[in-house]
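Architecture and fold: a report
Take a look at the letters that make up each chain.
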Amino acid sequence: MSEKTKNRSWVTKVIIVFVAFLLLLTFFSNTIMNLFIPKVVGKRIGGGALSFTDKATSQIEPVTSYEIKCAEGRKIETVLVEDYDQVKKDQVLLKLKYRSVEDQGVLEDLKKDLNDLEKESYYAARVSQAKARLKLAKKQLKKNKKNAAFKTEVNDAKASLSLAQKMLSDVTGFRGVTKNRKKKIEEVKKLIGEMEKRFDIEEVKSPADGMVYYVQAFVGDNTNEKTVLMVVIPNETEYTITFNFSSSTAESLDPGTEISTDSHWVEECTVKTVKPDPKDPRNMKLVKCKVKAEMFFPGENVTGYIGRSNSNYDYLVSSGAVFKDNNGSFVYVIDETKSPFGNTYKVRRVDVSVLATDGVYTAISGEDLKSKIILIRSEAALEDGQRVRLEDYGAK
Amino acid sequence: MEENIREERRKQAILARHHIYKEKVQPQSYVSSLPPSEREEFIEKQRAANAVKLRRRKVKSSIAKVFGVIFLSGAAFIAIMPIFFTFLNSFMSSSEIEGNYGVVFQSLPGSTNEASRFIDEAPQLQLIPQEVSADQYSEILLKNPSYLFRYWNSILLTVPIVIGQLAVACMASYSFMRYRKKRREVLFFFYIILMLMPFQVTLVPNYIMNQTLNILDTPWAVILPGVFSTFSVYILTKYMRRIPKAYIEAAIIDGAGEWQIFTKVVMPNCKAPVAAMAILLFIDYWNMVEQPLVMLQDEGMQPLSVFLSKVNVGDIGLAFAACALYMIPPLLIFLRGEDQLVEGISQSGIK
């Protein structure tokens, strides 16, 4: 009784801290768990028939069309048509601005250059003529030195040569003597001709009756020889669509086979040719189809469907549940473990082979997946063996 | 014979009072009858013999002591080993535990393999983890809210039971101590009978009673039978009856009422046994399994003790951490009240 009792107040403090810690941890327990364990959606796997339809999307293209381009350096004043407008032959499609002050200046500079070049040519010819005259006069004076007339001729020829040389030097004083003068003159003349011709164009007209498509001309744009301003599709042209189908799908297609499409306007889409895709000739085929339609809208995306026979598969999963990486296709199986603290779920990677797909569902084969839960969707990237919680985990 | 001795003593006392000392004639023994030389020799011989006996006794007691120490150390080691084992193994990673002990758990029915099988290889008992890891704790505390909820279930069932039972027991014991009439003694006898009955015997009546009160599947179904348990009433009554009546009579003379006697005289004298009872009750009810298992059908309301038996099902990697955490509250309560427990046990004679 008289024994000294130990000081146990530290134990009381530890108990208080422990209970407080436990309270805090419990309060935030669900929050912490949600941070650590990603939420997923799973579905029990089942079998069934898959009516897989292969589809491909492409654009309607005309067989013949006119690309409308314009001479270089003109400014568009007005665009008179829009996409899919019907136009007649020679109908004005767009108007160009009259030559601008800058354009006129360039042209006048070129003309001045031409004038200078022509003067230079003229005086150069006169210099050569004067040289020839002087040479002849000197020759004659050499034979008959006492003849005063020859002396006068030489002097005149010299005077003529110096005048011609002066005139030539006046003309070429700033830029030096031009080489290949004739060629240069021809070039400048041609350029001036082209420019004048170009500057004379004020309108761009339709080459045929048809539909305007791909209008890329906008008011204020400068024209370029290579730029297509719009396309005019003649009325009598045919239209085609080229679909890119897998080789296995294209096996069932022959010229003349009809393909169903999702376009309201397309009345008939018939296979014209089946050719290997140059990008992947083994696995893909280019299926070119002739299209008949009430109305054509070139550039419209049309999806073509090729239905294939139904087959029964043991395992059908949502297409979103099949993942791919360097090792191939795989799905995540959600393994359920019953524990005293409730059911726990872990994902397990299972490599599978994709047998067929219709876009929504995919038929797979692999290990025995009967009555397993397959992961459909996850809120975070997963790893093999990671613990997850099902969407209705809280309710459990 | 006793009368003669008493008479002799009386006479000696009378003589002593009169300062008369009469030498008592000593009876002659074998040693005193011997001549002095032989007596010396005899005494020497006896002394030597006694020395040998003493030495033998010493050796024997030393050997007994050594064996005793070895035995007790072994017993202590066996007792403390599982606790060490649990704490140290709780720092192993789940994969290490599965590698070491997976074979044991897989052999049990209801394992992850969903079938029993013979143990064809021995489990590897390891105290020291290959790689110390807090994975088990983080898994159980951060990713298993249900563990914490059940922890609170245990606390919320145990604490009210302990407080309630002590309150009821203190007052009941006081009444048994104060008024010892025949009818009350009979009632007390029934208390003892109830205390001696195994829990399983009263389980069915308790269940029926709970059903009648419509409190089945609620915490009250566990708390109420616990509050009115008889064990602490018996112990406290036995202790209170040892409090001197003079204390109570003095208090009555001073004008104290029953409540004042109870609170100011009796309870201050009962601090140690009440504390001891609180510790024992806490440990007892912290570990209860049958009551919640029978009375609470909803697994979400059951305490942690019920789940510890199944904690290795599914993920064996959490078992050690779950057990280690489970041990903390009783350990803290014991450490806090260790002195009172020893004192209370020694005073009230609790076994």
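Residues numbered from 1 in each chain as written. Chains lettered and ligands numbered in written order. Predicted model: local features only at pLDDT ≥ 70, side-chain atom pairs only at ≥ 80, totals over all residues.

**With respect to the interface of chain A and chain B**
Frequently, the measure chosen for interface size is the accessible area removed from exposure when the parts meet. Each partner contributes to the interface: chain A provides 25 residues, whereas chain B provides 22 residues. Sorting the residues of the side of chain A that touches chain B by element identifies helix H1 (9-27), helix H2 (29-36), strand S18 (328-339) and strand S19 (342-351) of chain A as the ones contributing at least two each. By residue number, the principal contributor to the side of chain A that touches chain B is H1 of chain A, which donates eight residues. Looking at the side of chain A that touches chain B residue by residue, the classes come out as twelve nonpolar, nine polar and four charged. (Contact = placed C-beta atoms within 7 Å. Helix = DSSP H or I, 4+ residues; strand = E, 2+ residues; numbered from the N terminus. Nonpolar A, V, L, I, M, F, W, Y, C, P; charged D, E, K, R; others polar.)

**Things to note about the sheet that holds strand S2 (residues 46-50) of chain A**
All names here are of chain A. Taken in spatial order, the four strands line up as S2-S16-S21-S20 in an open sheet, and their pairing is antiparallel. Of all the strands in the sheet, just S2 and strand S20 (353-357) have a single pairing partner and so form its edges. Sheet twist, expressed as the average angle between the axes of neighbouring strands with direction ignored, equals 55°. The sheet contact formed by strand S16 (residues 311-318) and strand S21 (residues 361-365) spans four bridges and is antiparallel. Bridged to Leu316 within S21 is Ala363. (Pairing = 2+ DSSP bridges. Axes fitted to C-alpha atoms, helices over the stretch in contact; angles between N-to-C directions.)

**Digging into the pairing of strand S11 (residues 239-246) of chain A**
Residue and element names in this part refer to chain A. Where strand S3 (residues 53-62) meets S11, three bridges bridge the pair, whose relative direction is antiparallel. Each bridged residue has a counterpart across the sheet, and for Ile60 the counterpart in S11 is Ile241. For S11 and strand S14 (residues 284-293), the ladder comprises eight bridges, and the chain directions are antiparallel. Note that in S14 the partner of Ser246 across the bridge is Met284.

**Section: helix H13 (residues 271-286) of chain B**
What sets the pattern is the α-helix's 3.6 residues per turn: residues three or four places apart point alike. Look at H13 of chain B: 22 Å from first C-alpha to last across 16 residues, which is about the 22 Å you get at 1.5 Å a residue. Taken as a whole, H13 of chain B has its buried residues at Ala272, Pro273, Val274, Ala276, Met277, Ala278, Ile279, Leu280, Leu281, Tyr285 and Trp286 of chain B. (Expected span 1.5 Å × (residues − 1). Buried ≥ 20, exposed ≤ 12 C-beta atoms within 10 Å, placed from the backbone.)

**So, unusual backbone geometry**
Residue and element names in this part refer to chain A. At Asp90, a position not held by glycine, the phi torsion is positive, near 70°. On the secondary structure map, Asp90 appears in the loop between strand S6 (86-87) and strand S7 (92-96). By the C-beta count within 10 Å, which is 12 here, Asp90 ends up exposed. In this structure, Tyr214 takes a positive phi of about 60° despite not being glycine. For Tyr214, the position within the fold is in the loop between strand S9 (210-213) and strand S10 (230-234).

**Quick word on the confidence of the model for chain B**
Residue and element names in this part refer to chain B. On average, residues of chain B carry a pLDDT of 85, and 90% of them reach 70 or more. Overall, residues 112-116 carries pLDDT values under 50, and its contacts beyond four positions in sequence, including any with other chains, amount to six contacts. Interface confidence for the predicted complex, expressed as ipTM, amounts to 0.73; the pTM equals 0.57. (pLDDT = per-residue confidence, 0-100.)

**Structural notes on the sheet that holds strand S15 (residues 301-307) of chain A**
Pairing is antiparallel across the open sheet formed by six strands, whose spatial order is S12-S15-S3-S11-S14-S13 (chain A). Where the open sheet ends on each side, the last strands, each with one partner, are strand S12 (260-261) and strand S13 (266-276) of chain A.

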